[in-house]
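What the coordinates show
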Amino acid sequence: KKKKKGQINKREFGDTKKLRKNEISYEKSDTLLSVENSVSMFDKANKVTVIGDNVSFTLEQIAKDEEKELTVIDPNIKTQSDAEVKATRILETHNTESYKIKLRLQKKGLELLEAGDIMHLKLENHNIPMGDYMVFEIENILSGVLVVTVGTFDKNIAERLSEIRVD
């Protein structure tokens, strides 16, 4: 189907069937040169306070270690239940194992790689759970070695990243 000027293609957020998928593992390919880092995308938090338009809500989990509190100000929150929903979602997101991983890869075979594509990683020896990760950033596009940043991605993480970017 030919696209017309100004036409936008849309897809459901969770629909990854049409995205390109590459597998990166030591067994399947020799493109992986190194794993530069594997860090959690969010600081862990055990207490979240959401402050809205004349409403606020605080949600707290019992801390095993150090206590970490987040305060989120959102003037679009108008009701107590909306504040509770947002606090629950944020607390859950900040306690989920979410990874941001930097990979050095040989470009051969990955020339068409784009941000938004999916990489299936099998790198348990680097303490990275096997699974699908979304490509966030690609560096060194013109060289033979790519530095690719991938991360855990779902709807809650996407929303939290966009909120942090706005703050």
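Our subject is the structure listed above.
Given the structure is predicted, the values throughout are model-derived calculations rather than measurements. (Residues numbered from 1 in each chain as written. Predicted model: local features only at pLDDT ≥ 70, side-chain atom pairs only at ≥ 80, totals over all residues. Heavy atoms only, no water.)

**Some words on the overall build of the protein**
Basically, it comes down to this: Numbering of helices and strands runs from the N terminus; a helix is a DSSP stretch of H or I covering at least four residues, while a strand is a stretch of E covering at least two. Burial classes follow relative accessibility: with a 1.4 Å probe on protein chains only, a residue under 20% of its type's maximum area counts as buried, one over 50% as exposed, and anything between as partly exposed. Residues are treated as being in contact if the distance between any of their heavy atoms lies within 4.5 Å. Per-residue and other accessible areas were derived by the Shrake-Rupley procedure at a 1.4 Å probe size, with only the shown protein chains allowed to occlude residues.
Broken down by element type, the protein carries two helices and nine strands. Ordered by position from the N terminus, the helices and strands of the protein form the series β-β-β-β-β-α-β-β-β-β-α. Within the protein, the proportion of its 167 residues that are buried is 35%. Pairs at least 24 apart in sequence give 62% of the contacts found in the protein among residues at least 6 apart. With an accessible surface of roughly 11200 Å², the protein has 49% of that area assigned to carbon and sulfur atoms.

**Considering the pattern of salt bridges**
Basically, it comes down to this: Salt bridge, as used here: a side-chain nitrogen of Lys or Arg that lies within 4 Å of a carboxyl oxygen of Asp or Glu.
Following the criterion strictly, the structure yields three salt bridges and no others. The salt bridge involving Lys86 is made with Asp74; its shortest N-O contact spans 2.7 Å. Within this pair, whereas Lys86 is found in helix H1 (residues 80-93), its partner Asp74 is found in the loop between strand S5 (69-73) and H1, the two being separated by twelve residues in sequence. The pair formed by Lys86 and Asp74 is uniform in burial state, with each residue classed as buried. Taking the shortest distance from any N to any O, the salt bridge between Glu139 and Lys102 comes out at 3.5 Å. Placement of Glu139 in strand S8 (residues 131-139) and of Lys102 in strand S6 (residues 99-106) is noted, with a sequence separation of 37 residues between them. Residue class for Glu139 comes out partly exposed when judged on its relative accessible area of 26%. For Lys102, a relative accessible area of 24% corresponds to the partly exposed category.

**Things to note about the nonpolar core**
Condition: Among buried residues, those of type Ala, Val, Leu, Ile, Met, Phe, Trp, Tyr and Cys that are joined through side-chain atoms within 4.5 Å constitute a nonpolar core.
Ranked by internal contacts, the top residues of the largest apolar core, which has 18 residues, are Ile101, Leu103, Leu105, Met119, Leu121, Val148 and Val150. In this structure Met119 touches Asn22, Ile24, Leu103, Leu105, Leu113, Gly131, Asp132, Tyr133, Val135, Val148 and Val150, once residues within four positions along its chain are discounted. Grouped together as the second largest cluster of nonpolar side chains are twelve residues, Phe57, Ala87, Ile90 and Leu91 included.

**Re the side chain of Asp74**
Selection rule: Side-chain atoms alone can form a polar contact between residues adjacent in sequence; in general such a contact is a pair of N or O atoms within 3.5 Å, and within protein one must be able to donate a hydrogen while the other accepts it.
Owing to a relative accessible area of 13%, Asp74 belongs among the buried residues under this scheme. In this structure the side chain of Asp74 is engaged in a polar contact, spanning 2.9 Å, whose partner is the backbone nitrogen of Asn76.

**Some thoughts on the sheet that holds strand S3 (residues 47-51)**
Rule in force here: Here the rule is simple: two strands pair whenever DSSP picks up at least two bridges between them. The angle between two axes is taken between their N-to-C directions and runs from 0 to 180 degrees, where each axis is a line fitted to C-alpha atoms and a helix contributes only its stretch in contact.
The mixed open sheet is built from three strands, whose spatial order is S4-S3-S5. Only two strands of the sheet have a single neighbouring strand rather than two, namely strand S4 (56-60) and S5. On average, adjacent strands in this sheet sit at an angle of 10° to one another, irrespective of strand direction. Across five bridges, the pairing between S3 and S4 is antiparallel. When the bridges of S4 are listed, Lys47 appears paired with Glu60. Docked against the sheet, H1 engages S3, S4 and S5, running at close to 35° with respect to S4.

**Considerations on the environment of Gly144**
As for its placement among the helices and strands, Gly144 is situated in the loop between S8 and strand S9 (145-151). Gly144 sits in the partly exposed class, given a relative accessible area of 49%. Along the sequence, Gly144 and Lys108 sit 36 residues apart, while their C-alpha atoms lie 7.4 Å from each other. Excluding its chain neighbours within four sequence positions, the residues that come into contact with Gly144 are Leu105, Gln106 and Lys107.

**A short note on H1**
Quick reminder: α-helices carry 3.6 residues per turn. Residues three or four places apart thus point the same way. Formally: In this analysis, the expected span of each helix is defined as 1.5 Å times one less than the number of residues it contains.
With 14 residues, H1 should cover 20 Å at 1.5 Å per step; its first-to-last C-alpha distance of 20 Å lies within 8% of that length. Regarding H1, the residues found buried are Ala83, Lys86, Ala87, Arg89, Ile90, Leu91 and Thr93.

**A few points about unusual backbone geometry**
One non-glycine residue, Asn54, lies in the positive phi region at around 65°. If you trace the backbone, Asn54 turns up in the loop between S3 and S4. A positive phi angle, near 60°, is found at Asn127, a position not held by glycine. The residue Asn127 is located in the loop between strand S7 (118-122) and S8 in this model. The exposed category is assigned to Asn127, whose relative accessible area is 64%.

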